[in-house]
Amino acid sequence: METSDNIESDPGFVALAMANGTLVWSVLTGLVVGTILTAINQGDVLMAGETLSLIKTGLNYLVP
């Protein structure tokens, strides 16, 4: 079991998410993976020159 001293000294989730460039790497990863997923999932639509679904495309970038 953890003692209250350990809990108080642990950084919170927000502090960890913002530390050491985590947010920057997360955004970059989302951009790369989202672009790949959009190409895979909607490649046929892109090749046909049709309009992409903005909801599907947006969700591709939020998945990572």
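Residues numbered from 1 in each chain as written. Predicted model: local features only at pLDDT ≥ 70, side-chain atom pairs only at ≥ 80, totals over all residues. Heavy atoms only, no water.

Teacher, can you tell me more about the overall build of the protein here?
Secondary structure assignment for the protein yields four helices and zero strands. Counting over 64 residues, the protein shows a buried share of 11%. Surface summary for the protein: the accessible area is close to 5,300 Å², and the carbon and sulfur share equals 68%. (Helix = DSSP H or I, 4+ residues; strand = E, 2+ residues; numbered from the N terminus. Buried < 20%, exposed > 50% of the residue type's maximum accessible area, 1.4 Å probe, protein only. Areas by Shrake-Rupley, 256 points an atom, 1.4 Å probe, with all protein chains shown as cover.)

Can you walk me through the packing of helix α3 (residues 22-48) against helix α4 (residues 54-62) in this structure?
Two numbers describe a pair of packed helices, the interaxial angle and the distance between the axes. In the contact formed by α3 and α4, the axes pass within 7 Å of each other and the chain directions differ by 140°. Between α3 and α4, the angle falls in the class oblique. Relative to α4, α3 is oriented so that their crossing is right-handed. Residue-level contacts link G30, L31, G34, T35, L37, T38, N41 and Q42 of α3 to K56, T57, N60 and Y61 of α4. A class-by-class count of the residues in the contact of α3 with α4 yields three nonpolar, eight polar and one charged. (Axes fitted to C-alpha atoms, helices over the stretch in contact; angles between N-to-C directions. Parallel < 35°, antiparallel > 145°, perpendicular 65-115°, else oblique. Left-handed = near helix turned anticlockwise from the far one by under 90°. Contact = heavy atoms within 4.5 Å. Nonpolar A, V, L, I, M, F, W, Y, C, P; charged D, E, K, R; others polar.)

In this structure, what is going on with a nonpolar patch on the surface? I would like to understand it.
Together, F13, V14, M18, L23, V24, W25, V27, L28, L31 and Y61 give the surface a local cluster of nonpolar side chains, amounting to about 1,100 Å² of exposed area. For the nonpolar patch, the secondary-structure elements that each account for two or more residues are α2 (13-18) and α3. Considering each element in turn, the nonpolar patch owes the most residues, six residues, to α3. Along the chain, L23 turns up in helix α3. By relative accessible area, L23 is classed as partly exposed at 45%. (Patch = residues over 30% accessible without salt bridge, like charges linked within 9 Å, V, L, I, M, F, W, Y side chains within 5 Å. Salt bridge = Lys/Arg side-chain N within 4 Å of Asp/Glu carboxyl O.)

Help me out: how do you make sense of the side chain of T38 in this one?
By the secondary structure assignment, T38 is in helix α3. Assessed through its relative accessible area of 7%, T38 is described here as buried. If we skip the residues at most four places from it in the chain, T38 touches G43, L52, T57, N60 and Y61.

Sorry, what's going on with α3 here?
The terminal C-alpha atoms of α3, which comprises 27 residues, lie 37 Å apart, in line with the 39 Å expected from a rise of 1.5 Å per residue. A bend of about 75° at Q42 is the largest found in α3. Among all positions of α3, only G30, G34, T38, Q42 and G43 are buried. Here the buried face of α3 lies against α4. The positive-phi residue at the C-terminal boundary of α3 is G49, with phi of around 80°. (Expected span 1.5 Å × (residues − 1). Bend = angle between axes of the 7 residues up to and from the residue.)

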